[in-house]
Amino acid sequence: MTVPLTDDPSGTAALLVDSRGRYLLHLRDANKRICDPGTWSLPGGGREGAESCREAVERELLEETGLVVPLEEFTVVDSRGPDGVKGRIRVYLGAWDGDADSLPCPEGIMFRHFDAGTIRYLTMCPWTKEVIDLHQSQTRAQTGAHARASTVAPVPVQARAGGRARLNVVGVHLYLEQDGKVLLGLRHPDSAYAGSTHHFLAGHCEQESAVACLVREAQEEAGIEVDPGDVELVHVVHVVDHPGGQPRMQLVFRARQWTGTPQVREPDRCVSWGWWPADALPDRLVPYTRAAIDGIRAGRAYTELGWT
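Residues numbered from 1 in each chain as written. Predicted model: local features only at pLDDT ≥ 70, side-chain atom pairs only at ≥ 80, totals over all residues. Heavy atoms only, no water.

Peer 1: Any chance you could explain the environment of R254 here in plain terms?
Peer 2: Position of R254 relative to the elements: it lies in strand 15 (residues 248–255). Taking C-alpha positions, R254 is 5.4 Å from E232, a pair spaced 22 residues apart along the chain. When sequence neighbours within four positions are dropped, the list of residues in contact with R254 reads Y175, E177, D230, V231, E232, V234 and I296. (Helix = DSSP H or I, 4+ residues; strand = E, 2+ residues; numbered from the N terminus. Contact = heavy atoms within 4.5 Å.)

Peer 1: Any chance you could explain the pattern of salt bridges here in plain terms?
Peer 2: Oppositely charged side chains may form a pair once their charged atoms are brought near each other. Enumeration over the complete set of coordinates arrives at 17 salt bridges. Across the pair R59 and E51 runs a salt bridge, and its minimum N-O distance is 2.6 Å. Of the residues examined, R59 reaches a relative accessible area of 15% and is grouped as buried. Residue E51 is classed as buried on the basis of its relative accessible area, which comes to 13%. Sharing partners across several salt bridges, the network here consists of E48, E51, R59, E60 and E63. (Salt bridge = Lys/Arg side-chain N within 4 Å of Asp/Glu carboxyl O. Buried < 20%, exposed > 50% of the residue type's maximum accessible area, 1.4 Å probe, protein only.)

Peer 1: Help me understand unusual backbone geometry in this model?
Peer 2: In terms of backbone geometry, most residues other than glycine have negative phi values and most peptide bonds are trans. Even without being a glycine, N31 presents a positive backbone phi close to 60°. Tracing the chain through its elements places N31 in the loop between strand 3 (23–27) and strand 4 (40–41). With a relative accessible area of 84%, N31 lands in the exposed category. In the Ramachandran plot, S196 falls in the positive-phi region, its phi being about 55° despite a non-glycine side chain. We classify S196 as partly exposed; its relative accessible area is 30%.

Peer 1: Would you mind showing me how to read the layout of surface pockets here?
Peer 2: Rolling a probe over the atoms, with the probe sized like a water molecule, indicates the empty space that remains. Space inside the largest pocket adds up to approximately 1200 Å³. If you go around the largest pocket, you meet 46 residues; those closest to its centre are P104, R187, Y193, H204 and R269. Mapped onto the lining of the largest pocket, the elements with two or more residues apiece are helix 1 (53–65), strand 9 (169–175), strand 11 (181–187), strand 13 (201–204), helix 4 (210–222), strand 15, strand 16 (270–277) and helix 5 (287–298). Looking at side-chain class alone, the lining of the largest pocket contains 19 nonpolar, 11 polar and 16 charged residues. As a volume, the second largest pocket reaches approximately 510 Å³. In terms of lining, the second largest pocket is formed by 28 residues, of which the most central are R28, C35, G44, G45 and G46. (1 Å grid on protein atoms, 1.4 Å probe; cavity = no way out; pocket = protein on both sides within 12 Å on 5 of 7 lines; lining within 4 Å. Points joined across faces, edges and corners; volume = space filled by probe spheres on them. Nonpolar A, V, L, I, M, F, W, Y, C, P; charged D, E, K, R; others polar.)

Peer 1: What am I meant to see in the environment of L214 here?
Peer 2: With respect to the element layout, L214 can be found in helix 4. Relative accessible area serves as the criterion here: at 1%, L214 is assigned to the buried category. Setting aside anything within four residues of it in sequence, one finds L214 in contact with V172, H173, L174, V231 and F253.

Peer 1: Sorry if this is basic, but what is going on with the sheet that holds strand 17 (residues 302–305) here?
Peer 2: Through backbone hydrogen bonds, the strands of a sheet pair up, either in parallel or in antiparallel fashion. Strand order across the open sheet formed by 5 strands is 13-9-15-14-17, with mixed pairing between neighbours. Whereas interior strands pair on both sides, the edge strands pair on one side only; in this sheet they are strand 13 and strand 17. Strand-to-strand, the axes of this sheet are offset by a mean angle of 25°, without reference to chain direction. Pairing of strand 9 with strand 13 involves 4 bridges; the strand directions are antiparallel. Of the residues in strand 13, the one forming a bridge with H173 is A202. (Pairing = 2+ DSSP bridges. Axes fitted to C-alpha atoms, helices over the stretch in contact; angles between N-to-C directions.)

So, in structure tokens, the structure goes:
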């Protein structure tokens, strides 16, 4: 049963719809002691600590998909946990037009887009089906209202230049250099992104400034302490993995000085840190990382990759 938006439930989820009216769904693991195993559901998860529902859904969406998109409250639904315990989930609505295959999937099996006509044939989490049915009924009602209005007072539509507005994921990266060598980390083979490949110390901006994110990630990932006053932006890479993919704005900051020796603090993501000569970088290196280093050495401030 769909219930009114009242106090904060313990669960959250994000209903993301693309411009074609398709829904982004997540296939959950089967044969695990989790809620609704083996079903198609929405990305999301439970609140942690003193988090609000909005803070929780934004964090879960970033962790599960790497996405940062504007969300609005949509509804609250009842759910049941693996022990049959009743709970409630606050669902947020957002728009995303990217390629589901390009998303990292650190939990579950995969992400896919499905149109409304296909939904009925999927093995779905019950509350997810309820949420989509509600969205469909509201969409039909809005479409009918627009159609009735158009018979009374047609409004000319003026074409505008450019395409549909698209949010960009913002990543921050730490460029450390000493004695002509650059600090790079070797990512874990099972990492959701760039497994067994070298990369900058990096992270995604959360509810924080880019420099604050950089300082936090440096400490969390490698035990390096960086003073914000010692940081400068040295390169930007605007990248898409393929035409039509999720655009990402990758900000690369140089720390003029720092304290601490790089340590492996998150072994599930990075297995080692090493200093590489800037003119002899490892073969397996994230492409935009290589492009950024080349740009910094050449004195360029900006690079574009993957755009046609």
